[in-house]
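# Residue-level structural notes
The primary structure of each chain is shown beneath.
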Amino acid sequence: MIDSTGQLSTLSMVLSSLLLMVGLFFFIAGSIGMLRFPDSFSRLHAVTKADSLGLGSIVAGLMFYGELWQNLLLLLIWLLVLASGSVSCQLLARFAKAQQDKT
C-alpha cells in the first residue's frame, strides 16, 4: 500500500477515494431516508442500514493510510458502532411500537 517514500500507490489512492465516496453516499442516502420515509420503523431501517454500511466503507477507505494497529482500532470502532446501532435501533423500535399500541 505505502511505498518506501511514505506515499500511497495510485491504485491504493483510487480505491481509498472510491471507498470514501461510497461511504459518503450511504451516509447521505441514510439521512435523506430518515427525513423522507413516512413512519419511524422505515426511518430506523434507513438510518441503521445505510449508516452501518457507510461507516464500514469509510473505515475501509481509511485503512489504506494507517498501520496495522491503527487499522485494528478502526475495525474495533466500527464493530462497536455496529453493535450499539443494532441495540439502540431495537430499543427505539420497541418504544415506538409501545407508543403506537397505546393510541
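Residues numbered from 1 in each chain as written. Predicted model: local features only at pLDDT ≥ 70, side-chain atom pairs only at ≥ 80, totals over all residues. Heavy atoms only, no water.

### Quick notes on the overall build of the protein
Formally: Labels follow the DSSP assignment, with helices taken as runs of H or I lasting at least four residues and strands as runs of E lasting at least two, numbered in each case from the N terminus. The quantity called the radius of gyration is restricted to C-alpha atoms. Its globule counterpart is 2.2 Å times the number of residues to the power 0.38. Note on exposure labels: buried denotes an accessible area under 20% of the residue type's maximum, exposed denotes more than 50%, and partly exposed covers the range between, all computed with a 1.4 Å probe on protein chains only.
Regarding its fold elements, the protein presents three helices and zero strands. The secondary structure elements of the protein, listed N-terminal to C-terminal, are α-α-α. Against the 2.2 N^0.38 benchmark of 13 Å for 103 residues, the protein shows a C-alpha radius of gyration of 18 Å, more extended than a compact globule. Residues classed as buried in the protein amount to 19% of the 103 residues present.

### A short note on the pattern of salt bridges
Heads up, the condition is: Salt bridges are defined as contacts in which a side-chain nitrogen from Lys or Arg sits within 4 Å of a carboxyl oxygen from Asp or Glu.
Counted according to the given criterion, the structure contains one salt bridge. The closest approach of N and O atoms between Asp101 and Lys97, which form a salt bridge, is 3.8 Å. Taken as a pair, Asp101 and Lys97 lie in helix 3 (residues 68-102) at a separation of four residues, close to a single helical turn. You can call Asp101 exposed: its relative accessible area is 54%. Take Lys97: its relative accessible area is 42%, and that puts it in the partly exposed class.

### As for the packing of aromatic side chains
What counts is decided by this rule: Stacked, edge-to-face and tilted are the three classes for Phe, Tyr and Trp ring pairs, Trp counted by its six-membered ring, which pair at centre distances within 6.5 Å; planes under 30 degrees apart are stacked, over 60 edge-to-face, the rest tilted.
Considering all chains together, one arrives at one aromatic pair under this definition. Ring geometry for Phe25 and Phe26: centres 5.5 Å apart, planes at 70 degrees, overall edge-to-face. Since its relative accessible area comes to 25%, Phe26 is described here as partly exposed.

### Regarding the side chain of Thr48
Selection rule: Residues adjacent in sequence count toward polar contacts only when both atoms are side-chain atoms; beyond that, a polar contact is any pair of N or O atoms within 3.5 Å, and within protein one must be able to donate a hydrogen and the other to accept it. Note on definitions: a residue-residue contact is assigned when non-hydrogen atoms from the two residues lie within 4.5 Å.
In this fold, Thr48 is placed in helix 2 (residues 40-62). One polar contact links the side chain of Thr48 to the main-chain carbonyl oxygen of His45, over a distance of 3.4 Å. With sequence-adjacent residues up to four places away left out, Thr48 is seen in contact with Gly85 and Cys89.

### Observations regarding the environment of Ser40
Its location among the elements puts Ser40 in helix 2. Judged by its relative accessible area of 33%, Ser40 is partly exposed. As a C-alpha pair, Ser40 and Thr103 span 63 residues in sequence and 15 Å in three-dimensional space.

### Concerning the packing of helix 1 (residues 10-36) against helix 2
The cut-off we apply is this: Orientation is described by axes fitted as lines to C-alpha atoms, over the contacting stretch for helices, and by angles from 0 to 180 degrees between their N-to-C directions. Roughly parallel covers angles under 35 degrees, roughly antiparallel covers those over 145, roughly perpendicular covers 65 to 115, and oblique covers all other angles. Each crossing gets its hand from how the near helix is turned against the far one by less than a right angle, where anticlockwise is left-handed and clockwise is right-handed. Residue polarity follows a fixed list, in which Ala, Val, Leu, Ile, Met, Phe, Trp, Tyr, Cys and Pro are nonpolar, Asp, Glu, Lys and Arg are charged, and the others, Gly among them, are polar.
Two numbers describe how helix 1 lies on helix 2: the axes approach to 7 Å, and their chain directions differ by 165 degrees. Classified by the angle between their axes, helix 1 and helix 2 sit roughly antiparallel to one another. As helix 1 runs across helix 2, the sense of the crossing is left-handed. Here the contact of helix 1 with helix 2 is composed, by residue class, of 15 nonpolar, seven polar and two charged.

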